[in-house]
Amino acid sequence: MNRFEYVRPTTIAAAVAAAEQPGSAYLAAGTNLLDLMKVGVARPERLIDITRLPGMNAITWSQDGGVRVGALVRNADLAYDARFQAAFPAIAEALLSGASPQLRNVATMAGNLLQRTRCPYFQDTASACNRRAAGSGCDARGGENRLHAVLGWSEHCIATHASDVCVPLAASDAVVEVQGPGGPREIAFEALHLLPGDTPHVETALRPGELIVAVRLPAEAAAVAPHARYLKVRERTSYAFAVVSAAAGLELEAGVVRTARVALGGVAAKPWRARAAEAILAGAEPSAEVFARAAEAALMDARPSGDNAFKIELARRTVVRVLEQALAGTPSVMPALPASPFAPSSGATHAA
Ligand code: SF4
């Protein structure tokens, strides 16, 4: 590991000022950053420990039922918060399907958002990787790529974003609050992560030195709470990234879908909101035929980036299944295997 400077500011302003020095990186739980430092992929010259910053680990409700989640709120704390679980069950389910219990106990909301978009070649410094070293090439293009992207990829990078919680967040019209050298600003969650294009090393819309301080969820996103699920298809039932995942929420009125929220994970360099699918569902009576059309629309632009054509059909079927699960009703108790296809579906009515 390289030598680096370590500072621990006590105010957000001091943290942002410290980050103006080139080569700086913010450190929270470090569940991704420290791993990357150990293998020589990340080489920050200065770590700014933000874990003692005030006011960043609170869950604050607004009067209308929206919620502000501080950047340092731990994944497990948020997932097991009873009020949050009732209002945003698919987000809680996604949180509990990520990583391992140990990691969920320390990993933070902002850290989850800012984990690197990556593939195994990214973490192997002997491999060419445009995301790790701009302009060096992409060994995944001609290599082992069955789990890579099928949407939004470019010749320069075909990696996927690994986060679970980002998938339902993308479907929820979340807003990211940021503090930076230019002052505070807000970024629509859907605009935070960038597609690779010809600059895959630029992963987010954050400007140099900007710090995520909170994520806000609007009250309207809680309207789907009685019919909201997250489904994660993975190669083992714990501690594995999604091959494909999907979040779905349905607001039903007199047997008709009033509002639908759908997003996919494991398919692109960013959590992928499926607005075309939402448009098909809105105003329709839920049925197998409508769900199939929605899934078709969600994957309309998909194309293989390697040996991964199977992911397109898998993603379609995952969308159909998560819609079926959402229609059946959010379980009143979180399944023993959250987000797992092996968890039995429940028709229990969710009390939001
Ligand atoms: Fe790097 Fe992206 Fe290629 Fe993986 S897919 S090797 S992360 S450029």
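Structural notes, computed from the coordinates. (Residues numbered from 1 in each chain as written. Predicted model: local features only at pLDDT ≥ 70, side-chain atom pairs only at ≥ 80, totals over all residues. Heavy atoms only, no water.)

When its secondary structure is counted, the protein shows 12 helices and 12 strands. By the compact-globule yardstick of 20 Å for 352 residues, the protein fits well, its C-alpha radius of gyration being 20 Å. In terms of overall dimensions, the protein has C-alpha extents of about 60 × 50 × 35 Å along its principal axes. When burial is assessed residue by residue, the protein has 54% of its 352 residues classed as buried. Restricting the contact set of the protein to residue pairs at least 6 apart, pairs at least 24 apart contribute 64%. (Helix = DSSP H or I, 4+ residues; strand = E, 2+ residues; numbered from the N terminus. Rg over C-alpha atoms; globule rule 2.2 N^0.38 Å. Buried < 20%, exposed > 50% of the residue type's maximum accessible area, 1.4 Å probe, protein only. Contact = heavy atoms within 4.5 Å.)

Quick look at empty space enclosed by the protein now. This structure, assessed with the given rule, holds 4 cavities of 30 Å³ or more. Estimates place the volume of the largest cavity at around 130 Å³. Lining the largest cavity are 16 residues; nearest its centre among them are A90, P168, S172, V224 and A228. Among the elements of the structure, α5 (89–96) and β10 (242–253) are those that each provide at least two residues to the lining of the largest cavity. Split into classes, the residues belonging to the lining of the largest cavity amount to 13 nonpolar, 2 polar and 1 charged. There is about 90 Å³ of room inside the second largest cavity. Taken together, 16 residues make up the lining of the second largest cavity; nearest its centre are C119, C129, C138, C157 and A159. Classifying every residue of the lining of the second largest cavity gives 10 nonpolar, 4 polar and 2 charged. (1 Å grid on protein atoms, 1.4 Å probe; cavity = no way out; pocket = protein on both sides within 12 Å on 5 of 7 lines; lining within 4 Å. Points joined across faces, edges and corners; volume = space filled by probe spheres on them. Nonpolar A, V, L, I, M, F, W, Y, C, P; charged D, E, K, R; others polar.)

Let us now look at the site of the ligand. Every one of the 13 residues lining the ligand counts as a neighbour, but C119, C129, C138, C157 and I158 are closest to it. Of the pockets mapped on this structure, the ligand occupies the second largest cavity. (Near = heavy atom within 4 Å. Sits in = over half its atoms within 2 Å of the grid points.)

Let us now look at the pairing of strand β11 (residues 256–265). Across the 10 residues of β11, 7 count as buried, placing the element largely inside the fold. Examined bridge by bridge, β10 and β11 share 9 bridges and lie antiparallel to one another. Bridge pairing links L252 to V257 in β11. Looking at chain direction, β11 and strand β12 (residues 272–273) are connected through 2 bridges and run antiparallel. The residue bridging L264 from the neighbouring strand is W272, located in β12. (Pairing = 2+ DSSP bridges.)

Next up on the list: helix α11 (residues 288–298). When we look at burial in α11, the residues that qualify are V290, F291, A294, A295, A297 and A298. Around the axis of α11, the buried residues are gathered within 160 degrees of arc, so they sit on the same side. Where α11 is buried, its residues contact β10, β11, β12, α10 (275–281) and α12 (310–328). (Arc of directions from axis to C-beta.)

Let us look at the packing of aromatic side chains. According to the stated counting rule, one finds 2 aromatic pairs in the structure shown. Residues W61 and F88 carry aromatic rings whose centres are separated by 6.4 Å and whose planes lie at 15 degrees to one another, so their mutual orientation is stacked. You can see W61 sitting in strand β4 (residues 59–61) and its partner F88 sitting in the loop between α4 (82–87) and α5, a full 27 residues away along the chain. Taking the relative accessible area as the measure of exposure, W61 reaches 21% and is therefore partly exposed. On the numbers, 5.4 Å between centres and 40 degrees between planes, the contact of F84 with F88 is tilted. In this pair, the class of F84 matches that of F88, namely buried. Taken together, W61, F84 and F88 form an aromatic cluster joined through their ring pairs. (Phe/Tyr/Trp six-rings, centres within 6.5 Å; stacked < 30°, edge-to-face > 60°.)

Burial analysis of α5 places 8 of its 8 residues in the buried class, which makes it a mostly covered element. Along α5, the positions that sit buried rather than exposed are P89, A90, I91, A92, E93, A94, L95 and L96. Packed against the buried residues of α5 are α3 (75–79), α4, α6 (101–106), α8 (166–170), β8 (211–217) and β9 (228–234).

Okay, the packing of α11 against α12 next. Following both chains from N to C, one finds α11 and α12 inclined at 135 degrees, their axes separated by 8 Å at the closest point. By the angle between their directions, the pair α11 and α12 is classed as oblique. As α11 packs across α12, the resulting crossing turns out to be right-handed. Contact residues: α11 offers F291, A292, A294, A295 and E296, while α12 offers R316, V319, V320, L323, E324 and L327. Of the residues assigned to the contact of α11 with α12, the class counts are 8 nonpolar, no polar and 3 charged. (Axes fitted to C-alpha atoms, helices over the stretch in contact; angles between N-to-C directions. Parallel < 35°, antiparallel > 145°, perpendicular 65-115°, else oblique. Left-handed = near helix turned anticlockwise from the far one by under 90°.)

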